[in-house]
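# Reading the structure
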Number of protein chains: 2
Amino acid sequence: MKAMSLVVVGSVAYDAVETPHGRADRMLGGACTYIALAASYFTRVRIVAVVGDDFSKEDREFLASRRIDLEGLQTAPGKTFFWSGVYSADMNERTTLATELNVFADFNPTLPESYRAAPCLFLGNIQPSLQRRVRSQMNGVRITGGDTMNYWIRDHRPDLLETIAEWDFLIINDSEARMLSGAENLKRAASAILDMGPATVVIKRGEYGAMLFRRDAYFAVPGYLLDEVFDPTGAGDSFAGGFMGYLAERGLDLTSERADRRELSRAVIYGSVMGSFCCERFGVDRFRSLTRAEIDARFREFEEFTAC
Amino acid sequence: MKAMSLVVVGSVAYDAVETPHGRADRMLGGACTYIALAASYFTRVRIVAVVGDDFSKEDREFLASRRIDLEGLQTAPGKTFFWSGVYSADMNERTTLATELNVFADFNPTLPESYRAAPCLFLGNIQPSLQRRVRSQMNGVRITGGDTMNYWIRDHRPDLLETIAEWDFLIINDSEARMLSGAENLKRAASAILDMGPATVVIKRGEYGAMLFRRDAYFAVPGYLLDEVFDPTGAGDSFAGGFMGYLAERGLDLTSERADRRELSRAVIYGSVMGSFCCERFGVDRFRSLTRAEIDARFREFEEFTAC
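The following paragraphs examine the structure supplied in this document.

## As for the layout of surface pockets
Within this model, the second largest pocket holds a volume of roughly 390 Å³. Together, 19 residues line the second largest pocket, and Lys187(A), Phe213(A), Ala217(A), Tyr218(A) and Glu301(B) are the ones closest to its centre. Within the residue set of the lining of the second largest pocket, elements represented by two or more residues are helix H7 (186–194), strand E12 (210–214) and strand E13 (217–221) of chain A together with helix H11 (292–305) of chain B. Here the element with the most residues in the lining of the second largest pocket is H7(A); it accounts for five residues. Here the lining of the second largest pocket is composed, by residue class, of eight nonpolar, one polar and 10 charged.

Printed below as a string of structure tokens:
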């Protein structure tokens, strides 16, 4: 097994966020950003996204400092995708105040030649037909995983089903799993989604942890208890980055008849670890100082507090 | 280590319950009932409770068939405690329709002489001063654990604090832990409760699992995914019975400077196992057929799906 490079597609954005612990008016965000940052601790990451001409040199340099390949980061005339939201007092709910797609409205992802032979692809939450188009540009991709959201599930269902049928895994939160499957019970929901194509389904439950389902394996892990949650923005995407990053680092083949159950469970824990770190600071700030040694130490904490 | 007998105090009741899967107008219930039934798979259980003269011979015989000692089950003139409730469609919320205390209103627990040397005591959710009075009737009890609820936390706080200061462990759900501690963050909530006296705090999170906190140990387990939840009534009490029952069976001493972390985690899993079985049928019905072999098989399932 050797580390496999990873192409990540999705949004790079500016976010305005308010939590009980403070606020930020304009900070680096977007699903692709969080996924790429989290995965960058495990493998070489190449991003495909679009930003406006207002995207700052500092933010570009920060991504590059994590050895993230920016050749696929297009710059278009106009403003970068902007999202703003506010969290409830217990941070279990958030209200979107504004979503300004800006240059993201015309995002037509085109992969640089240098990306096309990468063995791993993670399709962040964008229009399902665009996710499909990106995958078709790859040559011999070995693992495809992705994410989606309630909007595509509800209003673009046939398109979404065609798209995820080609994936090796889908990462989704519990309410989306229920919506996609039509089943309230999560075991049934997961089973229904496995019937849609992906051989592996990961269901995220926020602070309550995560679960991985395959026909031949099931794994569940409780959430990590933080001393303080500063900002949950990006935690789910950081989970996806940690999960996919670990698979890529270990060169795991999800398409094999019987995947390595132990390695899959470790990937879920690394996902949980990255999601937990993300919440410790505003936006992507925790990734400015985080080290692989800290990540591995928290992984060992998970092993310990779940050992029976 | 040898199995230690267990005294359980609390309510024995008749319940009327409606869930999306059906309804029962009058079935055996009450916290003491569920705790005792679950614990009866692990050790000899002796109950202290009161019922009215309407309490049926069949229900008494069912409890006795589980080798539960009924010498402390008083019968008073009048009706047995009655509770009725209805669950929401996703079963995450329930509405109490009626609470008729009946003979339970004048419950003054007195321990039979034969109970007083039992080494283990579980104080189900009753008035804190009554919980204290029961404990004072015991001779040299080695482990005391108990439960409480929002009403005592809010309106009888000094009394409750005096009571739990004497306990070795408290089992509580997450919202009660937040209310008792005043801390929203569960790690801080647990720490504040440890300061109140119990060296061990177990926080139940319903379908999301459970956590055990001590100064020297922390353990978390995800919930068991059932194919179908028929009726969650009594699941938390069954958890308590499984947890306490396992401690009693193994003769564990929670008062030692450093309790056995592995055995404590196994107790949390046995609690989770008993809570999960409870939900599979209406009321106490699952305990009519459940065997220790099934319990141990589900324990091994927990070991497998949480192993990393």
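## Concerning the packing of helix H1 (residues 31–39) of chain B against helix H8 (residues 235–250) of chain B
Residues and elements named next belong to chain B. Following both chains from N to C, one finds H1 and H8 inclined at 40°, their axes separated by 7 Å at the closest point. The angle between H1 and H8 places the two elements in the oblique class. Crossing angle aside, the handedness with which H1 passes H8 is right-handed. Contact residues: H1 offers Ala-31, Tyr-34, Ile-35, Ala-38 and Ala-39, while H8 offers Asp-237, Ser-238, Ala-240, Gly-241, Gly-242 and Gly-245. When grouped by side-chain class, the residues that make up the contact of H1 with H8 number six nonpolar, four polar and one charged.

## Considering the relation of the copies chain B and chain A
Note on the identical chains: chain B maps onto chain A by a rotation of 180° and an axial translation of 0.0 Å, with an RMSD of 0.0 Å. Read as a symmetry element, the transformation amounts to a two-fold axis. Considering only C-alpha atoms, the part of chain B nearest the rotation axis is Pro222(B), at 2.5 Å. When the interface residues of chain B are mapped onto chain A, 100% of them again fall at the interface, so both copies present the same face.

## Examining the interface of chain B and chain A
Tallying the contact residues gives 32 residues for chain B and 32 residues for chain A. Summed over both partners, the interface of chain B with chain A comes to about 2,800 Å²; 50% of that surface belongs to carbon and sulfur atoms. Broken down residue by residue, the surface that chain B buries against chain A is led by Tyr208(B), Leu225(B) and Cys308(B), which jointly contribute 26%. Viewed at the interface, chain A and chain B are joined by six salt bridges. Linking Lys187(A) and Asp227(B) is a salt bridge whose minimum nitrogen-to-oxygen distance equals 3.3 Å. Of the residues that constitute the side of chain B that touches chain A, the class distribution is 15 nonpolar, four polar and 13 charged.

## Considering empty space enclosed by the protein
Summed over all chains, the structure comprises two cavities of 30 Å³ or more. The space that makes up the largest cavity amounts to roughly 50 Å³. Along the walls of the largest cavity sit Tyr208(A), Pro222(A), Gly223(A), Arg205(B), Tyr208(B), Gly209(B), Ala210(B), Met211(B), Ala220(B) and Val221(B), which together make up its complete lining. Looking at the lining of the largest cavity, the elements with two or more residues in it are strand E12 (210–214) and strand E13 (217–221) of chain B. Classifying every residue of the lining of the largest cavity by side-chain character gives seven nonpolar, two polar and one charged. In this structure, the second largest cavity spans a volume of roughly 40 Å³. In terms of lining, the second largest cavity is formed by Arg205(A), Tyr208(A), Gly209(A), Ala210(A), Met211(A), Val221(A), Tyr208(B), Pro222(B) and Gly223(B). Residue composition of the lining of the second largest cavity, by class: six nonpolar, two polar and one charged.

Analysis parameters
- Residues numbered from 1 in each chain as written.
- Chains lettered and ligands numbered in written order.
- Predicted model: local features only at pLDDT ≥ 70, side-chain atom pairs only at ≥ 80, totals over all residues.
- Heavy atoms only, no water.
- 1 Å grid on protein atoms, 1.4 Å probe; cavity = no way out; pocket = protein on both sides within 12 Å on 5 of 7 lines; lining within 4 Å.
- Points joined across faces, edges and corners; volume = space filled by probe spheres on them.
- Helix = DSSP H or I, 4+ residues; strand = E, 2+ residues; numbered from the N terminus.
- Nonpolar A, V, L, I, M, F, W, Y, C, P; charged D, E, K, R; others polar.
- Axes fitted to C-alpha atoms, helices over the stretch in contact; angles between N-to-C directions.
- Parallel < 35°, antiparallel > 145°, perpendicular 65-115°, else oblique.
- Left-handed = near helix turned anticlockwise from the far one by under 90°.
- Contact = heavy atoms within 4.5 Å.
- Least-squares fit on C-alpha atoms with pLDDT ≥ 70 in both.
- Buried area = accessible area lost by both parts, 1.4 Å probe.
- Salt bridge = Lys/Arg side-chain N within 4 Å of Asp/Glu carboxyl O.

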